[in-house]
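These are the residues of each chain, in order.
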Amino acid sequence: MRAVIPLAVMASLLASPAWANGQSATASGVGRAEVVAPLVVTRESDLDFGSILAGTRPGTVTISPAGVASYGGGVDSACAGADCAAGHAARFAVHGESGRSYTIAVPDSVIAEGTALQAGDAAPPLTVGGLGVRSDSRPSEGAAGQLDASGSDGFQVGGTLVVPPGVPAARYRATVPVTVNYG
Amino acid sequence: MGASFPNRVWLRTVLCAAGLSACAVPVTAWADTAGISLSADQVLRFGTFVAPSTGSRTVDAGGAVANSGVFPIGGDPVGPAQFTLTYNRAPGSTGAVTVIVQVLMASSATQVQGGVTGTLSAFSTDLPGIPLLFPGQAVTFTMNNCRPPSCSQTFHVGARLDVTRTSGGATLSIPLPVSATVLAVL
């Protein structure tokens, strides 16, 4: 019986052990990110409606995103010869991460402010509406494009200038904000 | 700390050699070791972002995101890394134990890929009582009430990714090695 008591104490110690184990495990996690070069957009030419003749009837001149000019109502082209500056769409070059798609945003319309060519005339502000976009890479998809293998693409912007009757001879200018984002 | 695990085996052996009642316990209960495992369940995802030059993106252990000088694009999932630490009790063991574990993250890593350099820092965790992890500096936490056959602790690790971009883009994949060591089983 004397021998049992120390053993019971030992057994008790073993039942609530505290021992250094030293076992280890390692896991290799990863931090992952896709870092993309920013888009660079360069204006190569402005949207130009060219020289037009405005009559007593309202009219419009439209430059399609593809660069085709058309005239309606009391408005016609003032160009009679080859040396006349014809209208054309705005053109932008886009550079960025190859293969990535992007979107283009333009406002629905902007206001063009005019400067009358003759003293005493007042040039009313004109509306440029129907702003549209056509990219080189995705010409049928509207305001979207995709950068090629070298990270390049381009797009054009067209619109419609609304001309009221009796507009005096004037030079008009408007700013069209264009926003391009990866999409 | 008390006797080491081998010492326990030795003690049992002595008791058995003495023909005492402790020999009734199967030897395998003590010869089979308990085990710890650590799995990386989920990568630390910073998503896709535009970096004009220098900037950082922080994804903390809770999944909160902060950007500085970078601009996220796309809908890529973003979130912290997830690890699961499992302590497997030795076969035949009974009752609950408390496991004290040391967690260590290796020194912070930098990756250079083309014109992009990325560095991880400011590591955060949701380990109980351990909001931050410092590379190379061990932290200790406790797994209470660990019952057979195993107990586990899942935790998340977030970090800040500093990016310097001089040209082009890059896919960064920066190692995030984490190790765990059992310090004691009580």
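Residues numbered from 1 in each chain as written. Chains lettered and ligands numbered in written order. Predicted model: local features only at pLDDT ≥ 70, side-chain atom pairs only at ≥ 80, totals over all residues.

Points about the overall build of chain A
A count of helical and extended segments in chain A gives one helix and twelve strands. Secondary structure elements of chain A occur, N-terminal to C-terminal, as α-β-β-β-β-β-β-β-β-β-β-β-β. For chain A, the residues scored as buried account for 27% of the 183 residues in total. Contacts spanning at least 24 positions in sequence make up 69% of the contacts within chain A whose residues lie at least 6 apart. (Helix = DSSP H or I, 4+ residues; strand = E, 2+ residues; numbered from the N terminus. Buried ≥ 20, exposed ≤ 12 C-beta atoms within 10 Å, placed from the backbone. Contact = placed C-beta atoms within 7 Å.)

Quick look at the overall build of chain B
Along its length, chain B carries two helices and 13 strands. For chain B, buried positions account for 31% of its 186 residues. Here the contacts in chain B between residues at least 6 apart in sequence split such that 75% fall between residues at least 24 apart.

Overview of the nonpolar core
V35(A), V163(A) and V157(B) are the most contacted members of the largest nonpolar core, which has 72 residues in total. Counting residues per element, this core draws most heavily on strand β13 (residues 170-185) of chain B, which supplies nine residues. Here V35(A) is in contact with F49(B), A51(B), V116(B), G118(B), V163(B), R165(B), G169(B), A170(B) and L172(B), once residues within four sequence places are set aside. (Core = buried A, V, L, I, M, F, W, Y, C linked by C-beta atoms within 7 Å.)

A few points about unusual backbone geometry
Residues and elements named next belong to chain B. The peptide bond linking P148 to P149 adopts the cis configuration, its omega dihedral lying at 0°. Looking at the element boundaries, P149 is found in the loop between β11 (139-146) and β12 (150-167). The phi torsion at A122 lies on the positive side, around 50°, for a residue other than glycine. Judged by the 16 C-beta atoms lying within 10 Å of it, A122 is partly exposed. A positive phi is found at N145, a non-glycine position, where the angle reads about 55°. Following the sequence through the fold, N145 ends up in strand β11.

What to know about the sheet that holds strand β9 (residues 144-146) of chain A
Residues and elements named next belong to chain A. Spatial strand order, β9-β6-β12: three strands in an open sheet with antiparallel pairing. Each edge of the sheet is formed by a strand with only one pairing partner; in this case those strands are β9 and β12 (179-182). Each strand axis lies, on average, 25° off the axis of its neighbour in the sheet, ignoring direction. Where strand β6 (residues 101-105) meets β9, three bridges bridge the pair, whose relative direction is antiparallel. Considered in β9, the bridge of T103 is made with A144. (Pairing = 2+ DSSP bridges. Axes fitted to C-alpha atoms, helices over the stretch in contact; angles between N-to-C directions.)

Section: the sheet that holds strand β7 (residues 97-105) of chain B
Spatially, β5(B)-β2(B)-β1(A)-β13(B)-β7(B)-β11(B) is the arrangement adopted by the six strands of the open sheet, whose pairing is mixed. Only two strands of the sheet have a single partner each, and these edge strands are β5 (71-72) and β11 of chain B. The pairing of β7(B) with β13(B) spans seven bridges and is antiparallel. Within β13(B), the residue paired with L104(B) across the bridge is S179(B).

Things to note about the confidence of the model for chain B
Residues and elements named next belong to chain B. Summarising the model, chain B shows a mean pLDDT of 83, and 82% of its residues fall at 70 or more. Of all secondary-structure elements in chain B, the lowest mean pLDDT belongs to helix α2 (residues 28-31), at 32, while strand β3 (residues 54-59) reaches the highest, 98. Scored below 50 in pLDDT, residues 1-32 shows 37 contacts in the model against residues more than four places distant or in partner chains. Reported confidence for the predicted complex is 0.79 by ipTM and 0.76 by pTM. (pLDDT = per-residue confidence, 0-100.)

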